[in-house]
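An overview of the molecular structure
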Amino acid sequence: MNFRFTLLLLLFALGGYSQEDKLYKIRTVAFYNFENLFDTENDTLIFDDDRTPEGKDNWTLERYNKKVDHLSRVLSEIGLNTSKTSPDIIGICEVENRKVIEDVIHHPNLISRDYGIVHYDSPDERGIDVALLYKKSVFLPTSSASHRLLLINDDDERNYTRDQLIVGGLLDDEQFYFMVNHWPSRSGGEARSKPNRMAAAKLSKRIIDSVQRLDADAKIISMGDFNDDPTNDSFKKILKTKGKANKLDSLGLYNPMEKLYKKGIGSLAYRDKWNLFDQIFFTKNLLQPKERFYKFWKAKVFNAPYLITKKGQYKGYPKRTYAGGSYTGGYSDHFPVYIYLIKPVMDKTPTE
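Residues numbered from 1 in each chain as written. Predicted model: local features only at pLDDT ≥ 70, side-chain atom pairs only at ≥ 80, totals over all residues. Heavy atoms only, no water.

1. Some remarks on the sheet that holds strand S10 (residues 220-225)
Applied cut-off: Pairing between strands requires that DSSP locate at least two bridges from one strand to the other. A run of H or I in DSSP counts as a helix once it spans at least four residues, and a run of E counts as a strand once it spans at least two, with each numbered from the N terminus.
Strand order in the open sheet formed by seven strands is S5-S8-S9-S10-S15-S12-S11, and the pairing between neighbours is mixed. The open sheet has two edge strands with one neighbour each: strand S5 (139-147) and strand S11 (241-242). Across five bridges, S10 lies against strand S15 (residues 278-283) in antiparallel orientation. The residue of S15 that forms the bridge with Ile221 is Phe282.

2. Focus: the packing of helix H2 (residues 61-77) against helix H4 (residues 98-105)
Selection criterion: To obtain an axis, a line is fitted to C-alpha atoms, over the contacting stretch when the element is a helix, and the angle between two such axes runs from 0 to 180 degrees between their N-to-C directions. Working definition: roughly parallel below 35 degrees, roughly antiparallel above 145 degrees, roughly perpendicular at 65 to 115 degrees, and oblique for all remaining angles. The hand of a helix crossing depends on one turn: near helix anticlockwise from the far one by less than a right angle means left-handed, and clockwise means right-handed. Should any heavy atoms of two residues lie within 4.5 Å, those residues are counted as being in contact. The nonpolar class holds Ala, Val, Leu, Ile, Met, Phe, Trp, Tyr, Cys and Pro. Asp, Glu, Lys and Arg form the charged class, and all remaining residues, Gly among them, are polar.
Where H2 contacts H4, the two axes come as close as 8 Å, and the packing angle between them is 60°. When the axes of H2 and H4 are compared, the pair comes out oblique. By crossing handedness, the relation of H2 to H4 is classed as right-handed. Counting all contacts with H2, which are made through Tyr64, Val68, Ser72 and Leu75, the residues of H4 involved are Val100, Asp103 and Val104. Tallied by class, residues from the contact of H2 with H4 come to five nonpolar, one polar and one charged.

3. A look at the environment of Lys290
Defined as follows: Buried residues are those whose accessible area, probed at 1.4 Å on protein chains only, stays under 20% of the maximum for their type, while exposed residues exceed 50% and partly exposed ones sit between those limits.
Mapping Lys290 onto the fold places it in the loop between S15 and strand S16 (295-301). Given a relative accessible area of 63%, Lys290 falls into the exposed group. Taking the C-alpha atoms as reference points, Lys290 and Lys343, separated by 53 residues in sequence, lie 9.6 Å from one another.

4. Focus: the pattern of salt bridges
When the charged atoms of two side chains with opposite charge come close together, those side chains can pair. What counts is decided by this rule: By definition here, a salt bridge exists when the distance from a side-chain nitrogen of Lys or Arg to a carboxyl oxygen of Asp or Glu is within 4 Å.
Using the criterion set out here, one finds 25 salt bridges in the structure. One salt bridge in this structure joins Asp233 and Lys194, with 2.6 Å as the shortest N-O distance. Residue Asp233 is located in helix H6 (residues 233-239), and its partner Lys194 is located in helix H5 (residues 190-214); the two are separated by 39 residues in the primary sequence. Given the relative accessible area of 33%, Lys194 is considered partly exposed. Between Glu258 and Lys236 there is a salt bridge whose closest N-O contact spans 2.9 Å. Taken together, the residues Glu258 in helix H7 (residues 257-262) and Lys236 in helix H6 connect sequence positions 22 residues apart. The class of Glu258 is buried, set by a relative accessible area of 7%. By relative accessible area, which is 28% here, Lys236 ends up partly exposed.

5. Quick word on unusual backbone geometry
Located in the positive-phi region is Asp114, a residue other than glycine, with phi close to 55°. Positionally, Asp114 belongs in the loop between H4 and strand S3 (115-119). Judged by its relative accessible area of 40%, Asp114 is partly exposed.

6. Here we look at the nonpolar core
The condition that has to hold: To qualify as a nonpolar core, a set must consist of buried Ala, Val, Leu, Ile, Met, Phe, Trp, Tyr and Cys residues joined through side-chain atoms within 4.5 Å.
Counting residues in hydrophobic clusters, the biggest one holds 73 residues, and the most contacted among them are Leu132, Phe178, Ile221 and Met223. Here the element with the most residues in this core is strand S1 (residues 24-37); it accounts for eight residues. The residues touching Phe178, leaving out its near neighbours within four places in the chain, are Val29, Ile89, Leu132, Phe139, Leu165, Ile166, Val167, Leu171, Ile221 and Met223. Ile166, Tyr177, Ala201 and Ile238 belong to the second largest nonpolar core, which has 21 residues in total.

7. Brief notes about the side chain of Glu174
Rules: Polar contacts, as used here, are pairs of N or O atoms within 3.5 Å; protein pairs need one atom able to donate a hydrogen and one able to accept it. Residues neighboring in sequence count only if both atoms are side-chain atoms.
Tracing the backbone shows Glu174 in strand S9 (residues 174-182). Polar side-chain contacts of Glu174 include one of 2.9 Å to the backbone nitrogen of Tyr294. Residues in contact with Glu174, not counting those within four places in the same chain, are Gly169, Lys219, Arg292, Phe293, Tyr294 and Lys343.

8. A closer look at the pairing of S1
Across the 14 residues of S1, 14 count as buried, placing the element largely inside the fold. As paired elements, S1 and strand S19 (residues 337-344) share eight bridges and run antiparallel to each other. From the neighbouring strand, Ile26 faces S19, where its bridge partner is Ile342. Direction of pairing for S1 relative to strand S2 (residues 89-95): parallel, over a ladder of six bridges.

9. Describing the packing of aromatic side chains
Rules: Pairing of aromatic rings covers Phe, Tyr and Trp, the last through its six-membered ring, and needs centres within 6.5 Å; plane angles under 30 degrees mean stacked, over 60 mean edge-to-face, and all others mean tilted. Two conditions define a charge located above a ring, namely a distance within 6 Å from the ring centre to NZ of Lys or CZ of Arg, and an angle within 35 degrees of the ring normal.
Inspection of every chain in the model, using the stated rule, returns 20 aromatic pairs. Their ring planes at 40° and their centres at 4.9 Å tell us that Phe282 and Phe296 sit as a pair that is tilted. Taken together, the residues span a long stretch of sequence, with Phe282 in strand S15 and Phe296 in strand S16 at a distance of 14 residues. Summarising the burial analysis for this pair, Phe282 and Phe296 share the class buried. Residue placement shows Arg63 over the ring face of Tyr327; its charged tip is 4.0 Å from the ring centre. Above the face of the Tyr306 ring, Arg73 is positioned so that its terminal group lies 3.6 Å from the ring centre.

Written as structure tokens, this is what we have:
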């Protein structure tokens, strides 16, 4: 019943289609930066000492459980007003290991959704990784790979950072590729750190190109915390993303977040300036697909009122777990982002 309601709602919302007797299946793809989801145990191989009960953050089991509760609630509600369910595909970053991811998806807020996990350990010095979550009833992974980003610092030493994840599989019997990113930060300043993100963009471009060489019509959706905005050089000069569909060539990449950013919409704030580092972009074939395949509908930032700081120095910012060195018990320093994919239900008999 909920699913039929969703389809009818879509039919109403898509005014251009209202004259036809069509129902639409909807799928939600989301990305969320978990803001340092560490367990409470000290791992001697990574720099996680602060996030332990004895560390400076006083990271207790009680605080950990509260954060897991918060994150699972957010995931359960992204896109809920339209889809009537949690996202079907979710990219995440800033997770310490597979165990913390399992704690989130096995929380009562999400356990009934039956999510699977694709995760690899990255060489990041802090031990934080990226991962893909997927509803097992909706998506069947058939391939995955974790691509290493090799960076050298000013002292000719290796700068260890996050891998880039790509997962191929069947979304309701349609072949898709999902990429999850967490590009190098702006530590040391935007200009000084820019070469690292340019290198990350080049790696992403190579991954995308390699898939398209095998299948020119491959449907690729890339998401992540890029630590760059949609108009930065990493996107415009390396990936060559476009914010307008009519500017795309056949293998072009469309970034719907560019329009949001130019409207002043952001996913995180720093020194009273909004950035849209959290983005989802994709190949052109999701704009003009064949009749019976998924296509892009809309992109949004999930900024529910409970995710926003209500008072103080950071009023209006995302309500984070720590602010100014003090524990605030929030959710994350980033808002999640998401897109909807839709396609007509050909037999007019909707099923989950």
